[in-house]
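Breakdown of the fold
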Amino acid sequence: MPKPRFRHIGAALPRKEDLRLLTGHGRYVDDIEIPGALHACFVRSPHPHARIAGIDTKAALSMPGVFAVFTGKDLAQWTTPLRMAPPIEGLHPVEMTTLPVDKVRFHGDPVACVIATSRYLAEDAAEQVEADYEALPAVADFDQALAPGAPLVDESVPSNLVSRQAFTTGEVAARKREAHRVVECTFSQQRMTHLPVETRGCAAVWDEGRRHLTLHIGSQVPHPLRTQVAARMRLSESQVTISSLDVGGGFGQKIALYREELTVAAASRQLKRPVRWREDRMENLLAASHAREDRCRTRAAVTKEGRLLGLELQIEEDFGAYCFYPANYLARVVAMILTGPYKVRDYAFEVKVALTNKCGNGPMRAPMAITSWVMEGTMDAIARELALDPLEVRRLNMVEPGELPYAMPTGEVIADITPRETLEAAVKAIDYAGFRARQAAARREGRYLGLGLCSVVESTTYGSRFYKAAGIPGSGHEAAWLRIEPSGAVNASVGLGPTGQGYETAFAQVVAEGLGVEPASVRVHMGNTDVAPYGMGSRGARGGTAGSATLFLCARDANEKVLAIAAKMLGFDSPEGLRMVDGRVEREVLGERIETGIALAQIARTAYLDPTALPAGMAPGLDFSKTYDPPPMTYSNAAHACEVELDPETGALRILRYFVAEDCGTVLNPFVVEGQQHGAIAMGLSGALLEHMRYDEHAQNITGSLADYLVATATDLPRFEILAMHTPSRGNPVGTKGMAEGGVMGSIGAIANAVNDALAPFGVIADRQPLSPDYLRSLLRSK
Amino acid sequence: MLEFELNVNGERHSVRAEPRKLLSDVLREDCRLTGTHVGCEHGVCGACTVLIDGQPARACLLYAVQMQDHEITTIEAIAAGGRPGALQQALHEAHGLQCGFCTAGIVMTFEAYLKENPHPSEEEVRDVLSGNLCRCTGYQNIVAAILKAAHAKA
Ligand code: FES
Ligand code: FES
């Protein structure tokens, strides 16, 4: 690692947020006491697809404690529909009302909302709401959705194929003809859900006198959420406050404005009473947001040495019934960045997305999760078919340091990344060179080991120019403010929505660095839209990049004014040679640093309480704000290496060792970064091994509890060994590149490749996840 | 509605609640101790773990009214006088929490476990911890913190 250029950035400070969370004093939505609040409970469709013939609410309304029962027709008067119609070629516009009016589209679709004095009574009454359904045939998967004569999930779209894009550059057909071999492989990733341990929930407080709505809600994106809530309730953005204090995990599930939340907000306004809602786990599994369920096919044209000449990709994604995001948005990123660190000019892709009668999809930690599995699985397939060493195939095709910046065939430019360095470090750590001998020895004892590699190029931070080019409305900028108060206390804010990433700590370090104070004296406020500036929130891995850069630049502005005042106080014409270290102003004289005796508190007092003593023309106060738009795309990189043992009798897998070598640029706080690496790898492995949101062939969800939807526990996961190989980015003022999703991408690919290595003697290939014992046994039985 | 008393963290709480009201809800709503979290309400996630007479139990699987003659301990009692206990301190130092939603349940589980098993191995810790779901940390730092707390006490 290069020598540190920072005093506070990069320090392993334990987190500021911990004490309250450790002692039971966090403020998650459901912990916030709201006197007089009513409780909402939703009535949900048992059918995957049905006409709503009528809803009889009489019995429910007559029950004790029940205030109201609202249906789609009520909500249609009070709220506007969500229209998803970005101008993207091949993408059909779609629209949804707040609650369904005519028909339900998936098992769990909310059709009515009961409001009562307690959650228990609301649940009782919800059972008495009589919804009359006329069942319709349903589509349960991508193939059914596209079959001729398939029922339409959304009648306003001509077919269930809601989106299709194709792209070609170079001449892939010619490359295939010239190739020594065209290697074809498939990858099928199952449907999953985010599963934050805190489910969704909200509490809406309508103030009739001020005509103002306060919505307490765990949100990753407080300001964009406010824009949505206000627009859909026909309020102005000055009539809505979003307040998101502590959030029990998001992982992408807490971005969209969901229909239940909007219903609760509208109900509060109608009833002029606070209304709150906390979904139970079954609702969270059935009806919050799902993710993934995509199938990919690659065809790689290669020389006999394994050099990639051309590549084709097809993606088919099952998007569910409702679009809270443009339907092509997740799959298209996969296609855009598929080639990652590998050199190829001739490339073509086709991305198809279908609507089905399932819960709608959204981005889940690494929306592009499948990318590295597909590319690295293709690398392994090339090696397998040509009887080459998979590491050598990677080395042959990987971009060299001297070739950076390198434009991927899609035009995406990778720069300031170190894929060769991380790959070599990971293979060294896991003793790749000695592995084949160990594997052979183990096989002689009847044990089946496998080693899998996976390089990751993670797209972390989308700048506004990326969105513009993709035709998606929206911005990638971030906003911050910093105020030094008259006492010298430092308050700062940024428009992100923390869900456990330690921002209060890491950003205090960034502000401390830029301003010249100690992190302990900085308090970072986030999550309340009346306090924080309008930023784009937390998604992707933009916090450490866009967020830290904005705060750093803002703190530099503050530092400049502070030193200008200090110079005046010291009787100098200019602040040259002055700097502030931990809140005290120093002066450099002949290479020596001398204390001036001036501290930030005195400067602040002057700025606020004695403005006539300020330099001529300087405005009073110490109040700064900044916005910053990052480059179109920022990339970081990593290499994962994992060793597994497969028990061919039971299909059980054991992960023996797991290494990741990662370069995410400047590290703000190594504790936080390692924690994110652990969490991301764990989420990837949990998905690759266990998680599966299942529907039966009639589109009935059969995964309604945590006994059915399995996630990794402490005994399922190995110890992760991390090789920190961080090199600063030149494209970011702090040098960060972003991270926290790449671990998902890498672990999915590394484990799949390791399993296929272990399966090699049996001549079968696992191309589906989860890699459950059942699935692996079924592969082995087929032999 | 029933009226009854609960002994929580050494204090008597008078409660008026339906007999079917879960201990987790009574603690959070009636006793106003919101540190006990609810993540699944079906006994799987472990977030709601409290101590009943010193033994870990899932508050979402118990009716409050059944707990009248028992001593209930929640996360709020662990940091005596605002100072975190050894396990809480170890979780802080080892970065054993991210969003913090699962944390109270883990602290309560291991407050009890470490008393009876002061020198656990990593494998034993992982085995017991497998009753608590954490979606953020990948468990590694939680395991490290528990082992650290055990060593500190030893
Ligand atoms: S809430 Fe009790 S175990 Fe999950
Ligand atoms: S820290 Fe978030 S669930 Fe454990």
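Residues numbered from 1 in each chain as written. Chains lettered and ligands numbered in written order. Predicted model: local features only at pLDDT ≥ 70, side-chain atom pairs only at ≥ 80, totals over all residues. Heavy atoms only, no water.

So, about the overall build of chain A. Each helix and strand in chain A was counted, giving 21 helices and 30 strands. Radius of gyration (C-alpha) of chain A: 28 Å, near the 28 Å computed for a compact globule of 783 residues. With respect to the principal axes defined by its C-alpha atoms, chain A has extents near 85 × 75 × 50 Å. Relative to its 783 residues, chain A shows a buried fraction of 63%. Sequence separation of at least 24 residues holds for 79% of the intrachain contacts in chain A that already meet a minimum separation of 6. Distance from the positive charge centre (82 side chains) to the negative charge centre (92 side chains) of chain A: 2 Å. (Helix = DSSP H or I, 4+ residues; strand = E, 2+ residues; numbered from the N terminus. Rg over C-alpha atoms; globule rule 2.2 N^0.38 Å. Buried < 20%, exposed > 50% of the residue type's maximum accessible area, 1.4 Å probe, protein only. Contact = heavy atoms within 4.5 Å. Lys, Arg positive; Asp, Glu negative; His and termini not counted. Charge placed at Lys NZ, Arg CZ, Asp CG, Glu CD.)

In terms of burial, helix H1 (residues 23–30) of chain B is a largely internal element, six of the eight residues being buried. Those residues of H1(B) that sit buried are B:Leu23, B:Ser24, B:Asp25, B:Val26, B:Leu27 and B:Arg28. On its buried face, H1(B) is in contact with helix H4 (119–128) and strand S14 (275–278) of chain A together with strand S1 (2–8), strand S2 (11–17), strand S3 (49–52) and strand S5 (71–73) of chain B.

This next bit is on the pairing of strand S1 (residues 38–44) of chain A. Residue and element names in this part refer to chain A. In terms of burial, S1 is largely enclosed, as seven of its seven residues are buried. Burial along S1 is two-sided: the face carrying Leu38, Ala40, Phe42 and Arg44 and the face carrying His39, Cys41 and Val43 are both buried. For S1 and strand S7 (residues 110–116), the ladder comprises six bridges, and the chain directions are antiparallel. Residue pairing across strands places Phe42 opposite Cys113, the latter belonging to S7. (Pairing = 2+ DSSP bridges.)

Turning our eyes to something else, we now look at the state of the cysteines. Scanning the model with the defined rule gives zero disulfides over all chains in all. Left unpaired, A:Cys41 is separated from the closest cysteine sulfur, that of A:Cys113, by 7.8 Å. (Disulfide = S-S within 2.5 Å.)

So, on to the packing of aromatic side chains. Residue and element names in this part refer to chain A. Going through the model one piece at a time under the given rule, you end up with 18 aromatic pairs over all chains. For the pair Phe70 and Trp78, a centre-to-centre distance of 4.8 Å together with 90° between the ring planes defines the contact as edge-to-face. Assigned by exposure class, Phe70 and Trp78 land together as buried. For the ring pair Tyr503 and Phe507, a centre distance of 4.8 Å and an interplane angle of 20° mean the geometry is stacked. On the criterion of helical spacing, the pair formed by Tyr503 and Phe507 is a turn pair, its members being four residues apart in helix H16 (residues 503–515). Considered together, Tyr503 and Phe507 belong to a single accessibility category, that of buried residues. Counting every residue linked through ring pairs, the aromatic cluster contains Phe167, Tyr347 and Phe349. Geometry around Tyr258 places Arg200 over its ring, the cationic atom sitting 4.6 Å from the centre. Positioned above the aromatic ring of Tyr322 is the side chain of Arg259, whose terminal nitrogen or guanidinium carbon lies 4.2 Å from the ring centre. (Phe/Tyr/Trp six-rings, centres within 6.5 Å; stacked < 30°, edge-to-face > 60°. Lys NZ or Arg CZ within 6 Å of the ring centre and 35° of its normal.)

In this section: the sheet that holds strand S26 (residues 592–599) of chain A. Residue and element names in this part refer to chain A. Spatial strand order, S24-S25-S26: three strands in an open sheet with antiparallel pairing. Edge positions in the open sheet fall to strand S24 (578–581) and S26, since each of these has one partner strand only. Neighbour-to-neighbour, the strand axes of this sheet turn through a mean angle of 35°, independent of strand direction. In the sheet, strand S25 (residues 584–589) pairs with S26 via five bridges, with the strands oriented antiparallel. Bridge pairing in S26 links Arg584 to Ala599. Sitting on the sheet, helix H18 (residues 600–609) touches S24, S25 and S26, and the angle it makes with S26 is about 45°. (Axes fitted to C-alpha atoms, helices over the stretch in contact; angles between N-to-C directions.)

Attention now moves to the packing of helix H19 (residues 670–689) of chain A against helix H20 (residues 742–759) of chain A. Residue and element names in this part refer to chain A. Relative orientation of the contacting elements H19 and H20 amounts to 40°, with a least axis distance of 7 Å. With respect to H20, the axis of H19 lies oblique. Crossing of H19 against H20: the hand is right-handed. On H20, the residues touching Ala680, Ile681, Met683, Gly684, Leu685, Ala688 and Leu689 of H19 are Gly743, Val744, Ser747, Ile748 and Ile751. Classifying every residue of the contact of H19 with H20 by side-chain character gives nine nonpolar, three polar and no charged. (Parallel < 35°, antiparallel > 145°, perpendicular 65-115°, else oblique. Left-handed = near helix turned anticlockwise from the far one by under 90°. Nonpolar A, V, L, I, M, F, W, Y, C, P; charged D, E, K, R; others polar.)

Turning to the domain arrangement of chain B, a few remarks are in order. Residues and elements named next belong to chain B. Domain annotation of chain B identifies domain 1 (2–77) and domain 2 (86–153). A separation of 22 Å is found between the C-alpha centroids of domain 1 and domain 2. Taken over both partners, the interface formed by domain 1 and domain 2 buries close to 1,100 Å², and the fraction arising from carbon and sulfur atoms is 62%. Contact with domain 2 buries area across many residues of domain 1, yet His37, Thr49 and Ile75 alone supply 39% of it, more than any other trio. Our count for the contact surface shared by domain 1 and domain 2 stands at zero salt bridges. At the junction of domain 1 and domain 2, the tally comes to five residue pairs in polar contact (both at pLDDT 80 or more). (Domains from an automatic or database assignment. Buried area = accessible area lost by both parts, 1.4 Å probe. Salt bridge = Lys/Arg side-chain N within 4 Å of Asp/Glu carboxyl O. Polar contact = N/O pair within 3.5 Å; in protein donor to acceptor, adjacent residues only side chain to side chain.)

A cis amide bond links A:Leu404 with the next residue in sequence, A:Pro405, at an omega value of -5°. Looking at the element boundaries, A:Pro405 is found in the loop between helix H12 (390–397) and strand S18 (406–407). That bond from A:Gln769 to A:Pro770 is cis: its omega, 5°, falls within 30 degrees of zero. Looking at where A:Pro770 falls in the secondary structure, it is placed in the loop between H20 and helix H21 (773–781). In this model, B:Tyr139 sits at a positive phi of 70°, which is unusual for a non-glycine residue.

Right, let's talk about the interface of chain A and chain B for a bit. Taken together, the 53 residues of chain A in the interface contact 46 residues of chain B. Taken over both partners, the interface formed by chain A and chain B buries close to 4,300 Å², and the fraction arising from carbon and sulfur atoms is 55%. On the surface where chain A and chain B come into contact, there are nine salt bridges. Counting every contact that joins chain A to chain B gives 26 residue pairs in polar contact (both at pLDDT 80 or more). Contributing elements (two or more residues each) for the side of chain A that touches chain B: helix H1 (18–22), H4 and H19 of chain A. For the side of chain A that touches chain B, the leading source of residues is H19(A), giving nine residues.

Residues and elements named next belong to chain A. Put simply, H16 and helix H17 (residues 543–570) touch, their axes get as near as 7 Å, and they point 35° apart. H17 is crossed by H16, and the crossing has right-handed handedness. For the pair H16 and H17, contact is made by Tyr503, Phe507, Val510, Val511, Glu513, Gly514 and Leu515 and by Gly543, Gly547, Ser548, Leu551, Phe552, Ala555, Arg556, Ala558, Asn559 and Val562, respectively.

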